[in-house]
Amino acid sequence: METLIKNILQHVRLSPEEIVIFKNFWTEKTLKKGEFLLRNGETCRYDSYIVSGVLKAFCINSENGNEEILFLAIDDWWATDISSFSKQKASIYNIQAVEKTNLLQISHQSFQKMLQEIPSLERYFRIILESYLGTLEKRIVFNNMYKAEQKYYDFLDTYPDIVSRVPQYLIASYLGISAEFISRIRKKNKSS
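A brief structural summary. (Residues numbered from 1 in each chain as written. Predicted model: local features only at pLDDT ≥ 70, side-chain atom pairs only at ≥ 80, totals over all residues. Heavy atoms only, no water.)

### Focus on the overall build of the protein chain
Just so we agree on the cut-off: Helix and strand assignments follow DSSP, with helices taken as H or I runs no shorter than four residues and strands as E runs no shorter than two, numbered in order from the N terminus. Each radius of gyration reported is based on C-alpha atoms, and the globular scaling rule is 2.2 Å times the count of residues to the power 0.38. Think of it in three bands: with a 1.4 Å probe and only protein chains considered, a residue is buried below 20% of the maximum accessible area for its type, exposed above 50%, and partly exposed in between. Here, two residues are considered to be in contact whenever any of their heavy atoms come within 4.5 Å of each other. The Shrake-Rupley method, run with a 1.4 Å probe, gives the accessible areas here. Residue values count only the displayed protein chains as cover. Only four residue types enter the tally: Lys and Arg on the positive side, Asp and Glu on the negative side, with His and both chain ends excluded. By convention, the point assigned to a charge is CZ for Arg, NZ for Lys, CD for Glu and CG for Asp.
Looking only at helices and strands, one finds 9 helices and 7 strands in the protein chain. Computed over its C-alpha atoms, the radius of gyration of the protein chain comes to 18 Å, within 12% of the 16 Å expected for a compact globule of 192 residues. Buried residues in the protein chain amount to 40% of all 192 residues. A separation of at least 24 residues holds for 71% of the contacts in the protein chain among residues at least 6 apart in sequence. Total accessible area on the protein chain stands at roughly 11000 Å², and carbon and sulfur atoms take up 51% of it. Distance between charge centres in the protein chain, computed from 25 positive and 23 negative side chains, equals 4 Å.

In structure tokens:
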């Protein structure tokens, strides 16, 4: 809980009383490696903050059966199907633990009540959504304009903590390139 509060306090102020109220809205959940947080077709009932661990969000490509990685999330990040959570409609993708993952969760109803009781959190969650939107925009531009090698190097620079914790094939899927291509880049870098 302290990590989440620290994250929030970097963006907005909360009084000691608000922090006590805030803590009452959250529950802890642990996922084993391979366990699902959300499955395609289910409604995302909880917004989830990762205390520790790694999650992947993905769809299954109906043509080839491959996982198409939408996002990877690690400690001190959020992992939620925003559309499913906000509209309380069925999700179009899955979220699964890549390793044992400890979460803090808040239900949709509790989330709405929390925002009413602590209005400054509206600003915090707007900041988080703006950051997420910026990441999505950058990903679209990079996918449309940059070559595979450039996308990979940018990912290494932007997310060094993910690279050390996530299998290469998941990074490749996220970037829309092959795992073999990443292997070739790595071999090329070792030899130079």
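What follows continues from the structure just given.
### Remarks on the sheet that holds strand S5 (residues 67-73)
Operational definition: Any two strands with at least two DSSP-identified bridges between them are counted as paired. Orientation is described by axes fitted as lines to C-alpha atoms, over the contacting stretch for helices, and by angles from 0 to 180 degrees between their N-to-C directions.
Spatial ordering of the open sheet is given by S2-S6-S4-S5, a layout of 4 strands whose pairing is antiparallel. Both outer strands of the open sheet, strand S2 (36-38) and S5, are each paired with one neighbouring strand and no more. Neighbour-to-neighbour, the strand axes of the sheet open up by a mean angle of 30 degrees, direction not taken into account.

### Things to note about the pattern of salt bridges
Our working rule: Throughout this description, the term salt bridge denotes a Lys or Arg side-chain nitrogen within 4 Å of a carboxyl oxygen of Asp or Glu.
Following the criterion strictly, the structure yields 8 salt bridges and no others. The shortest N-O distance in the salt bridge between Glu67 and Lys56 comes to 2.9 Å. Of the two residues, Glu67 sits in strand S5 while Lys56 sits in strand S4 (residues 55-60), which places them 11 residues apart along the sequence. The class of Glu67 is partly exposed, set by a relative accessible area of 26%. Close ionic contact of Asp75 with Arg165 constitutes a salt bridge, the shortest N to O distance being 3.2 Å. Taken together, the positions of Asp75 in the loop between S5 and helix H3 (82-87) and Arg165 in the loop between helix H7 (160-163) and helix H8 (168-175) put the pair 90 residues apart, joining distant regions of the chain.

### Points about empty space enclosed by the protein
To keep things clear, this is the line we draw: Put simply, the grid is 1 Å and covers the protein atoms alone, a cavity is a trapped set of points that fit a 1.4 Å probe, a pocket is an open set with protein on both sides within 12 Å along at least five of seven lines, and lining residues have an atom within 4 Å of a point. Grid points are joined across faces, edges and corners, and a volume is the space filled by probe spheres set on the points. Each residue is assigned to one class: nonpolar for Ala, Val, Leu, Ile, Met, Phe, Trp, Tyr, Cys and Pro, charged for Asp, Glu, Lys and Arg, and polar for all the others, Gly among them.
The full count for this structure, using the stated rule, is 1 cavity of 30 Å³ or more. If you add up the space inside the largest cavity, you get close to 160 Å³. Listing elements by their share of the lining of the largest cavity, those giving two or more residues are helix H5 (120-145), helix H6 (148-158) and H8. Top element by residues in the lining of the largest cavity is H5. It accounts for 5 residues. For the lining of the largest cavity, the residue count by class is 5 nonpolar, 3 polar and 4 charged.

### Remarks on unusual backbone geometry
In this model, Asp76 sits at a positive phi of 70 degrees, which is unusual for a non-glycine residue. When you line up the elements, Asp76 lands in the loop between S5 and H3.

Coordinates in, geometry out; function isn't part of it.
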